[in-house]
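# A closer look at the structure
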Amino acid sequence: EIYDYPGGRDEKSILAFAEKMSAPAITVIQRLEEATRFSQHKTNEGIAFLASDKARESSKLYEIYKQVARRNQASAYFLWLDQQGMDSNDG
């Protein structure tokens, strides 16, 4: 797949983009607090989306979310709250 590079032309920016595009399109988290920390540290020039479904990988939502995440990975971050194994008090 080919993606437009929207960033700066310096070495640091190009390497950061390459690392981001080489990583999985979705970051799986276990707690909502992780989403807050992630957005504070990783999304300085982007936006983060959060989705969840108790069925996770067997869910149609997860499959569509994964496709959208991959197509838009260059300009946004995508988090998936894994509800499997969560205590009911975790939020």
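Look above for the structure.
Residues numbered from 1 in each chain as written. Predicted model: local features only at pLDDT ≥ 70, side-chain atom pairs only at ≥ 80, totals over all residues. Heavy atoms only, no water.

## Regarding the pattern of salt bridges
Here is the rule we go by: Each reported salt bridge corresponds to a side-chain nitrogen of Lys or Arg within 4 Å of a carboxyl oxygen of Asp or Glu. Three exposure classes are used, based on accessible area relative to the maximum for each residue type with a 1.4 Å probe and protein chains only: buried under 20%, partly exposed in between, and exposed over 50%. What counts as a helix is a DSSP run of H or I of at least four residues, what counts as a strand is a run of E of at least two, and both are numbered from the N terminus.
In the structure shown here, the tally under the stated rule is 2 salt bridges. Residue E33 is joined to R31 by a salt bridge in which the shortest nitrogen-to-oxygen separation is 3.3 Å. On the basis of relative accessible area, E33 is assigned to the partly exposed category, the value being 39%. Here K66 makes a salt bridge to E63, at a shortest N to O gap of 3.7 Å. Placement of both K66 and E63 in helix 3 (residues 60-71) is noted, with a separation of 3 residues, approximately one turn of the helix. A residue is classified by how much of its surface remains accessible, and K66, at 36% relative accessible area, is partly exposed. The exposure class assigned to E63 is partly exposed, which follows from its relative accessible area of 31%.

## Focus: the side chain of K20
What counts here: A contact between two residues is defined here by any heavy atoms of the two lying within 4.5 Å.
With respect to the secondary-structure elements, K20 resides in helix 1 (residues 11-22). For K20, a relative accessible area of 16% gives the class buried. Aside from chain neighbours lying at most four places away, what touches K20 is Q73, A74, S75, A76 and Y77.

## Observations concerning the pairing of strand 3 (residues 76-81)
Going by this rule: Here, strands pair whenever DSSP counts at least two bridges between them.
Counting buried residues in strand 3 gives 5 out of 6 residues, a clear majority hidden from the surface. Across 4 bridges, strand 1 (residues 26-29) lies against strand 3 in parallel orientation. Looking at strand 3, one finds that I26 is bridged to F78. Alignment of strand 2 (residues 47-52) against strand 3, held across 6 bridges, turns out to be parallel. Across the sheet, A51 pairs through a bridge with W80, a residue of strand 3.

## Considering the environment of S22
Using the following cut-off: N or O atoms closer than or at 3.5 Å make up a polar contact, with two conditions inside protein: a donor-capable atom paired with an acceptor-capable one, and, for residues adjacent in sequence, both atoms drawn from side chains.
Its place among the elements puts S22 in helix 1. Taking the relative accessible area as the measure of exposure, S22 reaches 66% and is therefore exposed. A polar side-chain atom of S22 sits 2.8 Å from the main-chain carbonyl oxygen of A18.

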